[in-house]
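Each chain is listed here by its residues.
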Amino acid sequence: MKNLNFGTKLILILVASVIVSLGTMIFFTTKKQYENAEKQSKEYIKATVKSYAIEQKAIFDKTITEVESIVNRIETAIKTDEKLTKEGMIEFQKNILKNNDFLYTAWIGFEDDSYLFDRYDGSDKNPYYTPKGVFQPLVTKNGEKFEIEFLPEFDKDAIYIKKAIENKRVSIRV
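Residues numbered from 1 in each chain as written. Predicted model: local features only at pLDDT ≥ 70, side-chain atom pairs only at ≥ 80, totals over all residues. Heavy atoms only, no water.

Visitor: Before we move on, could you go through the overall build of the chain and cite the residues and values that matter?
Guide: The helix and strand inventory of the chain stands at 3 helices and 3 strands. For the chain, the N- to C-terminal ordering of α and β elements is α-α-β-β-β-α. In summary, the chain has a C-alpha radius of gyration of 34 Å against a globular reference of 16 Å for 174 residues, an excess of more than 25%. Partitioning the contacts of the chain with sequence separation of at least 6, the portion at a separation of at least 24 is 53%. Put simply, the chain shows about 13100 Å² of open surface, and 58% of that area lies on carbon and sulfur atoms. Each charge class in the chain was averaged separately, 27 positive and 26 negative side chains, and the resulting centres sit 14 Å apart. (Helix = DSSP H or I, 4+ residues; strand = E, 2+ residues; numbered from the N terminus. Rg over C-alpha atoms; globule rule 2.2 N^0.38 Å. Contact = heavy atoms within 4.5 Å. Areas by Shrake-Rupley, 256 points an atom, 1.4 Å probe, with all protein chains shown as cover. Lys, Arg positive; Asp, Glu negative; His and termini not counted. Charge placed at Lys NZ, Arg CZ, Asp CG, Glu CD.)

Visitor: Go over a nonpolar patch on the surface with me, naming the residues and quoting the values.
Guide: On the surface, Val 18, Leu 22, Met 25 and Ile 26 cluster together into a nonpolar patch covering about 380 Å² of accessible area. Given a relative accessible area of 45%, Ile 26 falls into the partly exposed group. (Patch = residues over 30% accessible without salt bridge, like charges linked within 9 Å, V, L, I, M, F, W, Y side chains within 5 Å. Salt bridge = Lys/Arg side-chain N within 4 Å of Asp/Glu carboxyl O. Buried < 20%, exposed > 50% of the residue type's maximum accessible area, 1.4 Å probe, protein only.)

Visitor: Go over empty space enclosed by the protein with me, naming the residues and quoting the values.
Guide: Scanning the entire structure with this criterion turns up 1 cavity of 30 Å³ or more. Put simply, the largest cavity is a space of about 30 Å³. When the residues that make up the lining of the largest cavity are grouped by side-chain class, the tally is 6 nonpolar, 2 polar and 1 charged. (1 Å grid on protein atoms, 1.4 Å probe; cavity = no way out; pocket = protein on both sides within 12 Å on 5 of 7 lines; lining within 4 Å. Points joined across faces, edges and corners; volume = space filled by probe spheres on them. Nonpolar A, V, L, I, M, F, W, Y, C, P; charged D, E, K, R; others polar.)

Visitor: Before we move on, can you summarise the packing of aromatic side chains with the specific residues and values?
Guide: Summed over the entire model, instances satisfying the criterion amount to 2 aromatic pairs. Measuring from centroid to centroid gives 5.1 Å for Phe 27 and Phe 28, while their planes differ by 75 degrees, and the two rings are edge-to-face. Here the aromatic rings of Tyr 129 and Phe 135 are separated by 6.3 Å at their centres, their planes lie at 55 degrees, and the arrangement is tilted. The same class applies to Tyr 129 and to Phe 135, which are both buried. (Phe/Tyr/Trp six-rings, centres within 6.5 Å; stacked < 30°, edge-to-face > 60°.)

Visitor: So, the sheet that holds strand β1 (residues 105–107): which residues are in play, and what are the values?
Guide: Ordered by their spatial adjacency, 3 strands build an open sheet running β1-β2-β3, and the pairing between neighbours is antiparallel. Strand pairing shows two members of the sheet lacking a second neighbour, β1 and β3 (145–150), which therefore form its edges. In this sheet, neighbouring strand axes are inclined to one another by 20 degrees on average, regardless of whether the strands run parallel or antiparallel. Relative to β3, strand β2 (residues 137–142) runs antiparallel, the two sharing 6 bridges. Residue pairing for β3: Leu 138 is matched across the bridge by Glu 149. In the packing of helix α2 (residues 86–98) onto the sheet, contacts are made with β1, β2 and β3, and the angle to β2 comes to roughly 35 degrees. (Pairing = 2+ DSSP bridges. Axes fitted to C-alpha atoms, helices over the stretch in contact; angles between N-to-C directions.)

Function cannot be read off these values alone, since they describe shape.
Dropping the structure here:
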């Protein structure tokens, strides 16, 4: 550096100062942009999750309403000693599925269905009776068509029944 004149030294010091200043400015600007992008990303994720949660809660609430409508229909029939028709119950389940795109299956199970429905006499060949003749319709929406079959025999220890019996509450299986 002894051979460099004062002007060259000054230029080198100024260039070095500019490079250090520019590098520092780029570092802090990039860091701030990264922090802002991270903050915006987190806010976007929170908003998206919240929106999805609200949507799912609305679907769950509507599912509960539909289950309660089945319960109310059955309870009303029990209280008034009304004998329901099996075809009417199947249509009721189909209508629930028609009116709720988020549902694809509706079913109802009985340990003893005789207090609501006429006993199975073997003449009806519809597929919604268990082998023991209990009305256990499982209605599944398949596009615009419906498939009707029966549930297995009523089992108090079945996972989808046990909790409802223990808690004496309606059960919704998701």
